[in-house]
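Observations on chain architecture
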Amino acid sequence: MVGVFVRRSSSGSYQLCGGSLLSSMHVLTAAHCVNEAGLSVSVGVRMHDLRDKTKEIVPVTSYKRHPQYNSSGHMNDVAILTLERAVSWRPGVGPICLAPDKNYEGQMAVVAGWGTLTYQGKNPNALHEVAVEIKTQESCSQSYQHTSHLQIKESHVCAASNGRDSCQGDSGGPLMVLEGGIWYQLGVVSYGIGCANPKYPGVYSRVSFFASWIQGEVRGHC
């Protein structure tokens, strides 16, 4: 888990999104986190609390959004950040593996980030995590069927539980499942309508759908 920091030309650096380490040189995040010209991007590694002065800040030399990313409908909402230098693996710092292409519906997963704890609320300084249930594609599609510009596709995975959800500022962070003692990343926080809204589960970019593109951009992935 990393924090994605951005700096605009006229402002200081601040934590905008989350992300995950895929290799010592690459971070997976959401395309909408870096969908703005003139951004200076860096990531915070080994960082539980944003105020922790021992965190490692690594500049990002380049970032690449998915070539079919569509901001209006949050389609193909994934991006790869390339770091200025390699991160050293040590306790608390390591890569996450991509989840295989299988059905996780009904299983519990974990999403983490520094996002707001309520819709339009305040951001915490400490990293939070919450367990959410993976929803069926059919139920999620039905939830969003009346929205004009949001459509649930094969490239999405949805998750939520009663009163639990990702929220504003969690974008780009990982949706993770634990299997055989290993954490696998199933999704990337993309969008939702409100937070923990019982009518609308959180929507994530399905990592397995983008596996070929991700692995083509990242060499030496686990």
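- For the protein, an unreviewed UniProt entry supplies the name Peptidase S1 domain-containing protein and the organism Scylla paramamosain.
- Per UniProt, the protein carries the Sequence similarities (unreviewed entry) text "Belongs to the peptidase S1 family. CLIP subfamily."

**With respect to helix α1 (residues 137-144)**
- The complete set of buried residues in α1 reads Gln137, Cys140 and Tyr144. Angular distribution of buried residues about the axis of α1 spans 65 degrees; they occupy a single face of the element.
- Each element contacted by the buried residues of α1 is listed here: β10 (156-160), β12 (182-191) and β13 (202-206).

**Digging into the side chain of Thr147**
- Position of Thr147 relative to the elements: it lies in the loop between α1 and β10.
- Classification of Thr147 by relative accessible area gives buried; the value is 15%.
- Polar contacts involving the side chain of Thr147 include one to the main-chain carbonyl oxygen of Tyr144, which spans 2.6 Å.
- Only 2.9 Å separates the side chain of Thr147 from the backbone oxygen of Leu150, close enough to count as a polar contact.
- Once residues lying within four places of it in the same chain are set aside, the contact partners of Thr147 are Ile193 and Tyr200.

**Focus on the state of the cysteines**
- Counted by the stated rule, this structure contains three disulfides.
- Put simply, Cys17 and Cys33 are joined by a disulfide, and their sulfur atoms are 2.1 Å apart. Residues Cys17 and Cys33 are joined by a disulfide whose S-S torsion is about -95 degrees; by sign, that bridge is left-handed. Linking Cys17 in strand β2 (residues 13-23) with Cys33 in the loop between β3 (26-29) and β4 (40-45), this pair joins segments that are 16 residues apart in sequence.
- Between the sulfur of Cys167 and that of Cys195 lies a disulfide, 1.9 Å long from S to S. An S-S torsion of about 90 degrees defines the bridge between Cys167 and Cys195 as right-handed. Taken together, the residues span a long stretch of sequence, with Cys167 in the loop between β10 and β11 (174-179) and Cys195 in the loop between β12 and β13 at a distance of 28 residues.

**Observations regarding the pairing of β2**
- Of all eleven residues in β2, eight are buried; the element is thus mostly enclosed.
- Here six bridges tie strand β1 (residues 2-7) to β2, and the two strands are oriented antiparallel to one another. Residue Gly3 lies in a different strand from β2, and its bridge partner there is Gly18.
- Direction of pairing for β2 relative to β3: antiparallel, over a ladder of three bridges. Across the sheet, residue Ser20 finds its bridge partner in β3, namely Leu28.
- Joining the antiparallel neighbours β2 and β3 is a turn of two residues.

**Re the sheet that holds β3**
- The antiparallel closed barrel is built from six strands, whose spatial order is β1-β2-β3-β6-β5-β4. Going across the sheet, the axis of each strand differs from the next one's by a mean of 45 degrees, ignoring polarity.

**Digging into the packing of aromatic side chains**
- Within this structure, the stated rule accounts for three aromatic pairs.
- Ring centres of Tyr144 and Tyr200 lie 5.2 Å apart, and the angle between their planes is 55 degrees; this geometry places the pair in the tilted category. Of this pair, Tyr144 sits in helix α1 while Tyr200 sits in the loop between β12 and β13, and the two are 56 residues apart along the sequence.
- Judged by its relative accessible area of 1%, Tyr144 is buried.
- Relative to Phe210, the ring of Phe209 lies with its centre 5.1 Å away and its plane at 75 degrees, an arrangement referred to as edge-to-face.
- A relative accessible area of 41% means that Phe209 is categorised as partly exposed.
- You can call Phe210 buried: its relative accessible area is 2%.

Thresholds, definitions, all that
- Residues numbered from 1 in each chain as written.
- Predicted model: local features only at pLDDT ≥ 70, side-chain atom pairs only at ≥ 80, totals over all residues.
- Heavy atoms only, no water.
- UniProt positions renumbered as here; feature names shortened; annotations may be inferred.
- Buried < 20%, exposed > 50% of the residue type's maximum accessible area, 1.4 Å probe, protein only.
- Helix = DSSP H or I, 4+ residues; strand = E, 2+ residues; numbered from the N terminus.
- Arc of directions from axis to C-beta.
- Contact = heavy atoms within 4.5 Å.
- Polar contact = N/O pair within 3.5 Å; in protein donor to acceptor, adjacent residues only side chain to side chain.
- Disulfide = S-S within 2.5 Å.
- Pairing = 2+ DSSP bridges.
- Axes fitted to C-alpha atoms, helices over the stretch in contact; angles between N-to-C directions.
- Phe/Tyr/Trp six-rings, centres within 6.5 Å; stacked < 30°, edge-to-face > 60°.

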